Structure formats: C-alpha cells, structure tokens
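Summary of structural features
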Amino acid sequence: MTQHFQFTLYLVFFMLIACDKDEPSGAVPSISFPINVSHLENDENAVFEFPVVLNVSTNRDVTVTYEVKPITAVAGEDFIATTGTLIFPQGTASGTIEVEIIVDDFIEKDEQFRVVLTGSSNGVIAGGLQEAIGTIRNDDTVIQVTSDGYEAADSYPGRALVWSDEFETNQINPQHWTYDLGASGWGNQELQNYTSSAENSYVANGNLMIVAKENGSQYTSARLKSIDLQEFQYGRIDVRAILPFGQGIWPAIWMLGANFPSSGWPACGEIDIMELIGSSPGSVHGTIHYGNSWAQHQFTGGSRYLSGGQTFAEEFHVFSIDWNENGITWLVDDQPFYSVDNNVTGNQNYPFDNPFFFIMNVAVGGQWPGYPNATTSFPQFMAVDYVRVYQ
Ligand SMILES: [Ca+2]
Ligand SMILES: [Ca+2]
Ligand SMILES: [Ca+2]
C-alpha cells in the first residue's frame, strides 16, 4: 500500500466521522428483537406480531429489511413467507413485523419459523445477526385425512339405495349410531377402553373418525353400533374407509344378528365385512362366525392383499359385501375375493337370513393382533367416508 493511498483512506475516515458528528443525535441505533413469539394457531392469532426495537431513537428515519423463513413450519401451508422493510420514523424506537399465519382445523405438531433481519439504513443489526423464532402451537383436534382412493359406484342396476350415512354433518347421527362402552379385556383380551368421548370418535370433513389413543399404557378408542337403530337383512353394502396400522391395532367393520341380545354369540351370526391386523396393514379379512352355541363356534373367511407393499392406511378403499338369500360375497374395491353359500353352516343353524346391525371399531391388543410395542404409533385412526346399503 502506498503512503498516498493510506493517507487517502485516513482522510475519508475522518471525513465520515466529522459528518456523523454534525448530526445532533449522531448515535447509530442498534436494532434487535427483544422476544420470540409463540401463540396457539387460531383466528385470534392469525397475525404474529414481532416487536423490533432500537436502543436509541434518532432524528432520522431508520429502516430495517427482514425475511420470514421456515424452520419446521411450511411456507404457504403454515405461514406466509415474506420479505419486507420496517420503518422507524425519526424519534421512534419501536416497531412491529407482522407475519400472517395460515389457520386450519387440523392437528399439527407445534411448528416454527424465523424472522431474520437482513439489512438496515441508518441503523445496525445488533450483534450482526438478529432473528426471532415464531412458534405456532397446535390448537386443533381433527386429524387431517386424504380424500384419495377408490370410490364406489353410486348405483347398482336393479337396486335402490335404502340407507346410507355419508358423515357429512359435523356430528355422529344418534338416529344411526350408539356406543359400546368400556370393554377393556373383553373376550379377546383387548386392552382398549371404549369411550363416547369426542377424543375417540367424531365426524369431521365428511368422515367418521374412530381414534385409538395411548396414554401411558392405557388405551382409549371407540366402538359404534347401529343396534335397534339401523338393521338390514341382505343387500349390497359399501363402506369406504382408510384403516389404521401397526402392531397390536385391530380395526373392524362388521355386523351381528339383531337377535344378539336374546340369542347370544355366535348363534346370532357375525359377518365381518373387514378386519385388519395392524402388523399386516396390506391385507384385510372377510369372515363369518356361526354356531348354535359357544362350544360349537365355527368360522370361515378369506383375505385380500394389496400388491407392491401398499397398505390400507394410505388411501381410501371400499369394503363391501353382496349378501342375499343364496349367500355372501366379500369385495374390496368391487373385486370379489371370497364367497359362502347358504349351505356353509352344514348341520348348524344358518343365521344369515335375519336382520343384522353394524359395528365399527378400532381395538388395541388382543389374542389375534397381539399387543402394541415400541413400533406402534399413536394416535391411530379409521376414517369412514360412508356406509351405504343397496337392496
Ligand atoms: Ca399449520
Ligand atoms: Ca392446525
Ligand atoms: Ca363422507
């Protein structure tokens, strides 16, 4: 460096200082975020306000540019990612950066984004780096469910829709469904306690949701039934559902003979439209149970597997029976996979020529599925888009 150039640099430096000293309040304010911001995701908190402060006010406008960036929150889904400029008019020392939050009805994890100060005129960013964290805390109870998957036909030649529940209102229809409660340790050594709580069953976004939850080693779930409310003898029955998965999880869509309270099981007959063992989430089972007495209980059924490692938890499928005086055929996505005829019970009573009611439940544990372990995630849910009966 030449002496001449060094001298020029010193000159410029002293001129700058001299200029600054000409200002009456020449201090350069330092700009900082005093706090992070954390709110529940709801309508009152649709805008998160981040205070920004100057350590001293000046007689000049101070501006600071900023950028809003994702951490775990997703830009465009959870918050609006923006850049902007905040102005502190002369004489002021505080301002606010507003970040728009996207409020929805669905359960999410608590999620975070950051607001970063990127540059200033007439001020400096304190410490060279200032960022504030925004935490969007979950305020929702509804599980988000895809609407993708197989759709049933909406009519069948020669048959009429005689009943359906489309789950389009926001409550479980008491004209259609009632609850089995308790049941921990029922006949199959299941673990769950069935409740009527909205934590375990509710209707939202067009689906009935049955939710199995874990609390320590206690499990709650729900079991809905249409006994004395909606009972049918014969028909094409379509149930569109997404099924839960995992070791020890056991969803079922099934029917019992309406004479169950008087005749008992298995004499009343049981038609399992769909059962799935959560450790094999790509296969479902259709079964009948019958027998004049408990000791004479027999069952027969078939299974349907999805190819290529797909599971019934990924999207909707339609579980059906075609049930008439000649027998019962089970279908998944309109593909038949098992049938019985009305001779199937042999020398025992054939109970499948009587009205039956529906049961839908998610069991946790039991002799057949085994018990949850460290690989089982909770909550688990079965989403039912509709139940339709054609005759
Ligand atoms: Ca969100
Ligand atoms: Ca939400
Ligand atoms: Ca629906």
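The structure presented is a predicted model; accordingly, all values stated were derived computationally and were not measured.

1. Regarding the packing of aromatic side chains
Applying the stated rule across the entire model yields 19 aromatic pairs. For the pair phenylalanine 48 and phenylalanine 113, a centre-to-centre distance of 6.0 Å together with 40° between the ring planes defines the contact as tilted. Residue phenylalanine 48 is found in strand β3 (residues 47–54), and its partner phenylalanine 113 is found in strand β7 (residues 111–121); the two are separated by 65 residues along the sequence. Counting every residue linked through ring pairs, the aromatic cluster contains Trp163, Phe167, Trp177, Phe232 and Phe358. Here the basic side chain of arginine 388 rests over the ring of tyrosine 386, its NZ or CZ set 3.4 Å away from the ring centre.

2. Section: the coordination of the calcium ion (ligand 3)
Around the calcium ion (ligand 3), the donor atoms from the protein are Glu166 (O), Glu168 (OE), Gly206 (O), Asp385 (O) and Asp385 (OD), and they sit 2.2 to 2.6 Å away. One chain supplies every donor to the calcium ion (ligand 3), and in sequence these donors are spaced E-x1-E-x37-G-x178-D. Of the two residues, glycine 206 is situated in the loop between β13 (201–204) and β14 (207–215) and aspartate 385 in strand β27 (residues 380–390); the sequence distance between them amounts to 179 residues. The residues glycine 206 and aspartate 385 share a single accessibility class, namely buried.

3. Quick word on the coordination of the calcium ion (ligand 1)
Each protein donor to the calcium ion (ligand 1) is listed here as Glu41 (OE), Asp78 (OD), Glu108 (OE) and Glu108 (OE); together their distances run 2.3 to 2.7 Å. Expressed as a motif, the donor residue spacing for the calcium ion (ligand 1) is E-x36-D-x29-E. In this structure the calcium ion (ligand 2) is found 4.3 Å away from the calcium ion (ligand 1), and glutamate 41 serves as a bridging donor for the pair. On the criterion of sequence distance, the pair formed by glutamate 41 in the loop between β2 (37–40) and β3 and glutamate 108 in the loop between β6 (94–100) and β7 is long-range, its members being 67 residues apart. Taking the relative accessible area as the measure of exposure, glutamate 41 reaches 5% and is therefore buried. When its relative accessible area of 19% is taken as the criterion, glutamate 108 is described as buried.

4. Notes on unusual backbone geometry
In this model, tryptophan 265 is joined to proline 266 through a cis peptide bond whose omega is 10°. One can find proline 266 in the loop between α2 (260–263) and β20 (270–275). A cis amide bond links phenylalanine 378 to the next residue, proline 379, at an omega of -5°. Of note in the backbone geometry, asparagine 122 takes a positive phi value of approximately 70° without being a glycine.

5. What about the sheet that holds β6?
Sheet architecture is open: four strands sit in the order β6-β3-β1-β8, paired in mixed fashion. Sheet topology places β6 and β8 (124–125) at the edges, where each strand pairs with a single neighbour. For strand β1 (residues 30–32) and β8, the ladder comprises two bridges, and the chain directions are parallel. Bridge pairing in β8 links isoleucine 31 to isoleucine 125.

6. Overview of the domain arrangement of the chain
By the assigned domains, the chain splits into domain 1 (25–137) and domain 2 (161–390). Relative to domain 2, the C-alpha centre of domain 1 lies at a distance of 51 Å.

7. Considering the sheet that holds strand β5 (residues 83–88)
Pairing within the open sheet is mixed, and its five strands lie in the order β2-β9-β7-β4-β5. For this open sheet the edge positions go to β2 and β5, each flanked by a neighbour on one side alone. Put simply, the sheet's adjacent strands are angled 25° from each other on average, direction ignored.

8. Here's the deal with a negative patch on the surface
A cluster of acidic side chains, namely Asp43, Glu44, Asp105 and Asp139, defines a negative patch on the protein surface. Relative to the assigned elements, aspartate 139 resides in the loop between β9 (131–137) and β10 (161–165). Of the residues examined, aspartate 139 reaches a relative accessible area of 34% and is grouped as partly exposed.

9. What about the environment of alanine 374?
Relative to the assigned elements, alanine 374 resides in the loop between β26 (356–364) and β27. The exposure class of alanine 374 is exposed, given its relative accessible area of 85%. Along the chain, alanine 374 and glycine 246 lie 128 residues apart, while their C-alpha atoms are 9.9 Å from each other.

10. Comments concerning the confidence of the model for the chain
Confidence in the prediction for the chain averages 93 pLDDT; 92% of positions are at 70 or higher. Across residues 5–24, where pLDDT falls below 50, the model places seven contacts with residues more than four positions away in sequence or in other chains.

11. Concerning the nonpolar core
Ranked by size, the top nonpolar core spans 49 residues in total, and within it Ile271, Phe319, Trp323, Phe358 and Met360 carry the most contacts. Apart from the residues lying within four places of it in its own chain, the contact partners of tryptophan 323 are Phe232, Gln233, Tyr234, Gly235, Ile237, Met255, Ile271, Ile328, Phe352, Asn354 and Phe356. If you look at the next biggest cluster of nonpolar residues, it comprises 24 residues, including Phe48, Val52, Tyr66 and Ile101.

12. Regarding the environment of isoleucine 273
Position of isoleucine 273 among the secondary structure elements: in strand β20. Assessed through its relative accessible area of 3%, isoleucine 273 is described here as buried. For the pair formed by isoleucine 273 and leucine 331, sequence separation is 58 residues and the distance between their alpha carbons is 8.6 Å. When residues no more than four places from it in sequence are discounted, the contact partners of isoleucine 273 are Ile237, Ile253, Trp254, Met255, His285, Gly286, Phe319, Ser320, Ile321, Trp330 and Phe358.

So, how was this worked out
Residues numbered from 1 in each chain as written. Chains lettered and ligands numbered in written order. Predicted model: local features only at pLDDT ≥ 70, side-chain atom pairs only at ≥ 80, totals over all residues. Heavy atoms only, no water. Phe/Tyr/Trp six-rings, centres within 6.5 Å; stacked < 30°, edge-to-face > 60°. Helix = DSSP H or I, 4+ residues; strand = E, 2+ residues; numbered from the N terminus. Lys NZ or Arg CZ within 6 Å of the ring centre and 35° of its normal. Donors = N, O, S within 2.8 Å, 3.2 Å for Na, K, Ca; no water. Buried < 20%, exposed > 50% of the residue type's maximum accessible area, 1.4 Å probe, protein only. Pairing = 2+ DSSP bridges. Domains from an automatic or database assignment. Axes fitted to C-alpha atoms, helices over the stretch in contact; angles between N-to-C directions. Patch = residues over 30% accessible without salt bridge, like charges linked within 9 Å, V, L, I, M, F, W, Y side chains within 5 Å. Areas by Shrake-Rupley, 256 points an atom, 1.4 Å probe, with all protein chains shown as cover. Salt bridge = Lys/Arg side-chain N within 4 Å of Asp/Glu carboxyl O. Lys, Arg positive; Asp, Glu negative; His and termini not counted. Charge placed at Lys NZ, Arg CZ, Asp CG, Glu CD. pLDDT = per-residue confidence, 0-100. Contact = heavy atoms within 4.5 Å. Core = buried A, V, L, I, M, F, W, Y, C linked by side-chain atoms within 4.5 Å.

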